[in-house]
Amino acid sequence: DHISHGYNQNNSELHSIRYFFDEAPDCLKEIIIQTKLKDAYIGILMLKTGNVIPWHYDAFALFKGSQTDSKKPNIERHLIFPFDWDWGHFFQIGNNIIGNWEAGQVYTWPYRRYHLAVNAGIKDFYMISITGRKNNK
């Protein structure tokens, strides 16, 4: 319940655009292909200065029917940092705080692992997420 903890539209606003493979520009299709995920979509995310993506875990809502509470979904998310780290930009996965990344670094984490992003810097914070079904081959 993020609202009861003080999060609101003024401090947790995330700007994003999402493309499924067929509608993505060619340069983004190439990134999706490299993940080897099936039925994938790609999101470009921008967090303005002073904003936070609060603690949450991904429910993979676009893949309904692919997960249950008792079973891990066959879904994976890759997070790519398209630019080098800048002061005040932080990403946290569980108890691990990530900073000082280089452009192109990729992270993924287990299903239902809580994570967050913070922009306490002076420049916009960009991320790319790719989500799809794992290819079991």
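In this text the structure is predicted, and so the values were computed from the model without any measurement.

Undergrad: Can you tell me about the side chain of Thr35, naming the residues and giving the values?
TA: Note on placement: Thr35 falls in helix α1 (residues 26-35). At 2.6 Å, the side chain of Thr35 and the backbone oxygen of Ile32 are in polar contact. Once residues within four sequence positions are removed from consideration, Thr35 is found in contact with His78 and Ile130.

Undergrad: Which residues make up the pairing of strand β4 (residues 75-80), and what values do they have?
TA: Remark: a regular strand shows side chains that alternate across the two faces of the sheet. For β4, the buried fraction is high: 5 of the 6 residues fall into the buried class. Alignment of β4 against strand β9 (residues 125-133), held across 6 bridges, turns out to be antiparallel. Bridge pairing in β9 links Ile75 to Arg133. In this structure, β4 lies alongside strand β7 (residues 106-107), joined through 2 bridges in antiparallel fashion. Within β7, the residue paired with Leu79 across the bridge is Tyr107.

Undergrad: Mind laying out unusual backbone geometry, listing which residues take part and the relevant values?
TA: Here Lys36, not a glycine, exhibits a phi torsion of approximately 65 degrees, which is positive. Positionally, Lys36 belongs in the loop between α1 and β2 (38-47). A relative accessible area of 62% means that Lys36 is categorised as exposed. One non-glycine residue, Asp39, lies in positive phi territory at about 50 degrees. Its place among the elements puts Asp39 in strand β2. For Asp39, a relative accessible area of 51% corresponds to the exposed category.

What counts, and where the lines are drawn
- Residues numbered from 1 in each chain as written.
- Predicted model: local features only at pLDDT ≥ 70, side-chain atom pairs only at ≥ 80, totals over all residues.
- Heavy atoms only, no water.
- Helix = DSSP H or I, 4+ residues; strand = E, 2+ residues; numbered from the N terminus.
- Polar contact = N/O pair within 3.5 Å; in protein donor to acceptor, adjacent residues only side chain to side chain.
- Contact = heavy atoms within 4.5 Å.
- Buried < 20%, exposed > 50% of the residue type's maximum accessible area, 1.4 Å probe, protein only.
- Pairing = 2+ DSSP bridges.

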